[in-house]
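Chain and residue survey
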Amino acid sequence: RSMAKLNSVLEDALREYNETNATMDLVLFDDAMKHIARIVRVVMNSGGHALLVGVGGSGKQSLSRLAAFICGFKVVQIVISSTYGFK
């Protein structure tokens, strides 16, 4: 029952996200929903941050973007290049 409610809330959030941002076609299976809930819980804490580790293409970035949207945060992505450094 709680997973059905979580699915409903996340589907609504994803629909709202897709109206204002580039469309994300996410399949919200149980593990993905649990990961989003964990990310939201961690980053909503004062000074909360997380390092997501996993193979490429596993959805880390998409789930993080949706979690940030739910929290009302702006996503900033650092691009590292050969000229990366402080100015």
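Structure: above.
Take the overall build of the chain next. Helix and strand counts for the chain come out as three helices and zero strands. In terms of its C-alpha atoms, the chain occupies a principal-axis envelope of roughly 50 × 30 × 25 Å. Going through the 87 residues of the chain one by one, you find that 18% of them count as buried. Partitioning the intrachain contacts of the chain with sequence separation of at least 6 by distance along the chain shows that 63% fall at a separation of at least 24. Accessible area of the chain: about 6800 Å², with a carbon and sulfur share of 56%.

Residues three or four positions apart in an α-helix share a direction because the helix packs 3.6 residues into each turn. Taking 1.5 Å of rise per residue, 19 residues should cover 27 Å, and helix α1 (residues 2-20) covers 28 Å from first to last C-alpha, within 8% of that figure. Listed as buried for α1 are L10, A13, L14 and Y17. Looking straight down α1, one finds its buried side chains confined to an arc of 105°; they lie on one side. Exposed residues on α1 whose side chains face more than 90 degrees from its buried face are A4, K5 and E19. In this fold, the buried residues of α1 make contact with α2 (30-44) and α3 (60-71).

Right, let's get into the nonpolar core. When a protein is soluble and globular, its nonpolar side chains tend to lie buried together. L28, I36 and L66 are the most contacted members of the largest nonpolar core, which has 15 residues in total. Of all elements in the fold, only α1, α2 and α3 reach the threshold of two or more residues within this core. By residue number, the principal contributor to this core is α2, which donates five residues. In contact with I36, other than residues within four places in its own chain, are L10, L28, L63, L66, A67 and I70.

Along the chain, the position of G47 falls in the loop between α2 and α3. C-alpha of G47 to C-alpha of L10: the two residues are 37 residues apart in sequence and 24 Å apart in space.

Attention now moves to the pattern of salt bridges. Under the counting rule described, the total for this entry stands at one salt bridge. R15 is paired through a salt bridge with D12; the nearest N and O atoms lie 2.7 Å apart. With a gap of three residues between them, R15 and D12 both fall in helix α1, about one helical turn apart. A residue is classified by how much of its surface remains accessible, and R15, at 47% relative accessible area, is partly exposed. A residue is classified by how much of its surface remains accessible, and D12, at 40% relative accessible area, is partly exposed.

Thresholds, definitions, all that
Residues numbered from 1 in each chain as written. Predicted model: local features only at pLDDT ≥ 70, side-chain atom pairs only at ≥ 80, totals over all residues. Heavy atoms only, no water. Helix = DSSP H or I, 4+ residues; strand = E, 2+ residues; numbered from the N terminus. Buried < 20%, exposed > 50% of the residue type's maximum accessible area, 1.4 Å probe, protein only. Contact = heavy atoms within 4.5 Å. Areas by Shrake-Rupley, 256 points an atom, 1.4 Å probe, with all protein chains shown as cover. Expected span 1.5 Å × (residues − 1). Arc of directions from axis to C-beta. Core = buried A, V, L, I, M, F, W, Y, C linked by side-chain atoms within 4.5 Å. Salt bridge = Lys/Arg side-chain N within 4 Å of Asp/Glu carboxyl O.

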